There are 2 protein chains.
Amino acid sequence: MAQPQKAAQSGKPKTAITPTREENFPEWYQSVIKAADMAENSPVRGCMTFKPYGYALWENIQRSMDSLIKDAGVQNAYFPLLIPVSYLSKEAEHVEGFAKECAIVTHHRLEKGPKGGLIPAPSAELEEPFVIRPTSETIIGEAMARWVQSYRDLPLKLNQWCNIMRWEMRTRMFLRTAEFLWQEGHNAFATADEAQDDALKMLEVYRSVYENDLAIATIPGEKTADERFPGADRTFTLELMMQDGKALQGCTSHNLGQNFSKSLNIKYQGEDGQEHFAHTTSWGFTSRSIGATIMTHADDDGMIMPPRVAPYQVTIIPVVRDEAGKAGVFDYCDTLRARLKTIGVRAHFDASDARAPDKMWASIKKGVPVRVEIGQREVDEGQLTMTRRDLGKDSKKTISVDEFIGTIPPLLDSMQADLLARSRTFTDSRIHDVRDLAAMRDFFVAETAGFARCEASLTAQPEFEKIRKDFSITPRCLPFADSGQKVLVGRSY
Amino acid sequence: MAQPQKAAQSGKPKTAITPTREENFPEWYQSVIKAADMAENSPVRGCMTFKPYGYALWENIQRSMDSLIKDAGVQNAYFPLLIPVSYLSKEAEHVEGFAKECAIVTHHRLEKGPKGGLIPAPSAELEEPFVIRPTSETIIGEAMARWVQSYRDLPLKLNQWCNIMRWEMRTRMFLRTAEFLWQEGHNAFATADEAQDDALKMLEVYRSVYENDLAIATIPGEKTADERFPGADRTFTLELMMQDGKALQGCTSHNLGQNFSKSLNIKYQGEDGQEHFAHTTSWGFTSRSIGATIMTHADDDGMIMPPRVAPYQVTIIPVVRDEAGKAGVFDYCDTLRARLKTIGVRAHFDASDARAPDKMWASIKKGVPVRVEIGQREVDEGQLTMTRRDLGKDSKKTISVDEFIGTIPPLLDSMQADLLARSRTFTDSRIHDVRDLAAMRDFFVAETAGFARCEASLTAQPEFEKIRKDFSITPRCLPFADSGQKVLVGRSY
């Protein structure tokens, strides 16, 4: 297991992750994922593999969000993976920005080829090809059109957790891959007001998960007209500020008005006996939230997991000097693990036969919130030595097991709060008010990243287009906090 | 909402589901699914849509099984949906029974076609096509071969919950569809004994879910050589007896020996310093378990949900005579719902504006374990009227709300136990011992279904092949209960 071995050889502090954030942020990001053993690129071009430690984080995010989604009165369902191309053709007529890069299924049988190996059987070509869902608006809309007949059938709120595929050539793990995991919600209402309220309500669900579970400060706001989802009346977003000063769009929630209900024919008979088109919303949150968590919290020693969603909240590491004392230390560790379990703390006892320093570094790189080391001395005195991952060695202390058990739940809460506060402070520090476009240009000349905030009307001026191109920036959102009067612009993932 | 309206017109008892099980079992099955609003066939040929009520059952099954899988030391992960065709070519060389019917991705972009509409862009043909995973042995095996280097990396136990696609033309909802949902486990061990123990241990997880959660009696056993998974040393199964006397294979767990580790190159350096091939298992459980639940428990009035996995365990139906009393009855119902929630009972208050008899029939057809009706009289006297779905109107009684709250958890447990006992009795009643092949032939001449049990050696006789063909029967398993000495044969799904 790799560890910062050079530390002993020079006075300069070395880091577990190379390069550091400052040296090369994108490479640092990949190194953190590898060091934490969260994921890897797969041999299938554009696709990634979620390794157990990364998938466990996704499961914890899912559990929390699924509960909030159900509390909002939404029902989970599951729709087919394949979408007939004709469904998209209909959409393509309506939607200019329609994405055509997707995986297309054209055959349904393999056979032995002339050169050996297997080939798609020419006799098994499909009459109509399918695409693997790049999103399920059309296939869910088709069902909604059948399921909604009367005002009594509304609201109809559906969600599915599933895999999605969009053909991406330039990929980055969690952030942009051909296949990714997400939830997509599709709600239908009788009135425009209900749909608008719903789009904001689901955005609030996302805000809760980002801030309360992932400890990431969010900037809730509305997309400008240019940045809206094609076909949406209004698109809402949570913009997140990564440690390199670039924005990451955390999720989107769309008020689709009657645009989709008209193209998909979702209509209902009202109390007035007349037919009306429904008002719909859609809202999605993806596994890129894991990338956001890494780029918000991780440091040059590796990942830092927010306690609430951490696969393990505590790692227990036995430090055994001699074989004679091993059984006693191991028993003590395992008893501690069991006690933590009874109070609802997820603890991992690292009983592997790796060396203690390797276990310590593994725990650091994986970002386990609290590391506990137990040697013979701790056993003899009923104590343990603990270190908070976010505070590092300054937080190292030896306390009694009883004190630890009594204080670990509030300590985890406090670490969770500290991470969010740190993210909030950082985000705020990277937002700069600019009075006019000249000042905006000056800002982006001086800063490679961060947000410029200005009056929303400035982005309508022709000069803004030049700045947009010169610095590859985009309007990220009209923050709710500024009542839609101001806009944030910046570079983004 | 459809209900047995003819009941009043004739003395003969009518059923909510037509046809009945006796009249036409396959059509009855489809009708139950429709009446319970669990699923529907989708416009995508061969694929089904899990509607919210059906998906909620799958979520409850998943939750229970996922917990048992994790308790067994297995970690969840997620591997790519697409598998390069070359991976399967390798398998195809080894495996005679390799399934070639699968969805093949050949292009990655749509473009406007000459006749309008969208077509796969000829310029975007993939150099190597992909198939949508029909199972993930090869892609997970590829990762395992990289992840396993030393005996210290073993055991490696991985599971994924995902969608799977096999091109099926003759489909039946939940039982056989092109796309389905499942979990697939892939474990690797240093020794043959560990792999064999693991295959049985995971079968036991499945047995627990079937018997304890789904209240379905199982017949655990081993597949005969002919019925083994291609490439497995040993295949274990749970055979289930449906109400029409046909067998349903509930799941399989395979001891793959070193067959897959050799073809996929999963090897490790042992403590002896030598390289060894790992011993692997794989084990899978699919959404067809929902079909099994329907065909085990449902009756001619619709679904019967086993309480432990029922989306709702109790439906509360207000019976309002006049508008004046409505608020009082609704409040009373909602208070009851809240009280049930606090004691962990999943209750649904049907506050829709449908008529009370329609709500009652909806609850029956959906198979909600306990139906509660509340009218003004119940409100005035602090009571409720309850009916158990499995026992029907004979179980109808009016009791105090306090008594109901106190007794509903054991009542649900008791209904769960009754359903399992009924399934066990039924299963046992459809197993007939036959002494020789002549008796077996006589049995299948007389009976259209059910199991014949005989000495395992009889299936090696040439006459057995004739019986197999004449009656479309197969050896289902060598039951553990008979120590592998006997075999069960019968028709199956």
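Residues numbered from 1 in each chain as written. Chains lettered and ligands numbered in written order. Predicted model: local features only at pLDDT ≥ 70, side-chain atom pairs only at ≥ 80, totals over all residues. Heavy atoms only, no water.

Between the two copies, chain A and chain B, the superposition gives an RMSD of 0.0 Å; the rotation angle is 180 degrees and the shift along the axis is 0.0 Å. The superposition of one copy onto the other is thereby described by a two-fold rotation axis. Taking the C-alpha atom as reference, chain A places V105 of chain A closest to the rotation axis, 2.1 Å from it. (Least-squares fit on C-alpha atoms with pLDDT ≥ 70 in both.)

Turning our eyes to something else, we now look at the packing of aromatic side chains. Residue and element names in this part refer to chain A. In this structure the tally under the stated criterion is 36 aromatic pairs over all chains. Every member of this aromatic cluster is reached through a ring pair, and the members are W58, W161, Y206, Y210, W283 and F285. A cation over a ring is seen here: K246 above Y493, with NZ or CZ 4.6 Å from the ring centre. (Phe/Tyr/Trp six-rings, centres within 6.5 Å; stacked < 30°, edge-to-face > 60°. Lys NZ or Arg CZ within 6 Å of the ring centre and 35° of its normal.)

Here the focus is the side chain of T20 of chain A. Residue and element names in this part refer to chain A. If you trace the backbone, T20 turns up in the segment before α1 (25-35). Overall, T20 belongs to the buried group, its relative accessible area being 13%. When residues no more than four places from it in sequence are discounted, the contact partners of T20 are T15, F25, W28 and D300. (Helix = DSSP H or I, 4+ residues; strand = E, 2+ residues; numbered from the N terminus. Buried < 20%, exposed > 50% of the residue type's maximum accessible area, 1.4 Å probe, protein only. Contact = heavy atoms within 4.5 Å.)

Facing the 63 residues of chain A at the interface are 63 residues of chain B. Summed over both partners, the interface of chain A with chain B buries about 5400 Å², with 64% contributed by carbon and sulfur atoms. Here R146 of chain B ties to E40 of chain A by a salt bridge, and the two come within 2.6 Å at their closest N and O atoms. Applying the counting rule to chain A against chain B returns 32 residue pairs in polar contact (both at pLDDT 80 or more). When its residues are assigned to classes, the side of chain A that touches chain B shows 38 nonpolar, ten polar and 15 charged. Relative to strand β5 (residues 101-112) of chain B, strand β5 (residues 101-112) of chain A runs antiparallel, the two sharing five bridges. Within β5 of chain B, the position partnered with I104 of chain A by the bridge is H107 of chain B. (Buried area = accessible area lost by both parts, 1.4 Å probe. Salt bridge = Lys/Arg side-chain N within 4 Å of Asp/Glu carboxyl O. Polar contact = N/O pair within 3.5 Å; in protein donor to acceptor, adjacent residues only side chain to side chain. Nonpolar A, V, L, I, M, F, W, Y, C, P; charged D, E, K, R; others polar. Pairing = 2+ DSSP bridges.)

All names here are of chain B. Pairing of strand β21 (residues 431-433) with strand β22 (residues 451-455), which is carried by three bridges, proceeds in the parallel orientation. In the strand pairing of β22, I431 is matched with F451. Assessed by its sense of winding, the connection that carries the chain from β21 through helix α12 (residues 437-446) to β22 is right-handed. (Right-handed = clockwise from strand over helix to strand, strands pointing away.)

Spatial relationships are all this shows, so hold off on functional conclusions.
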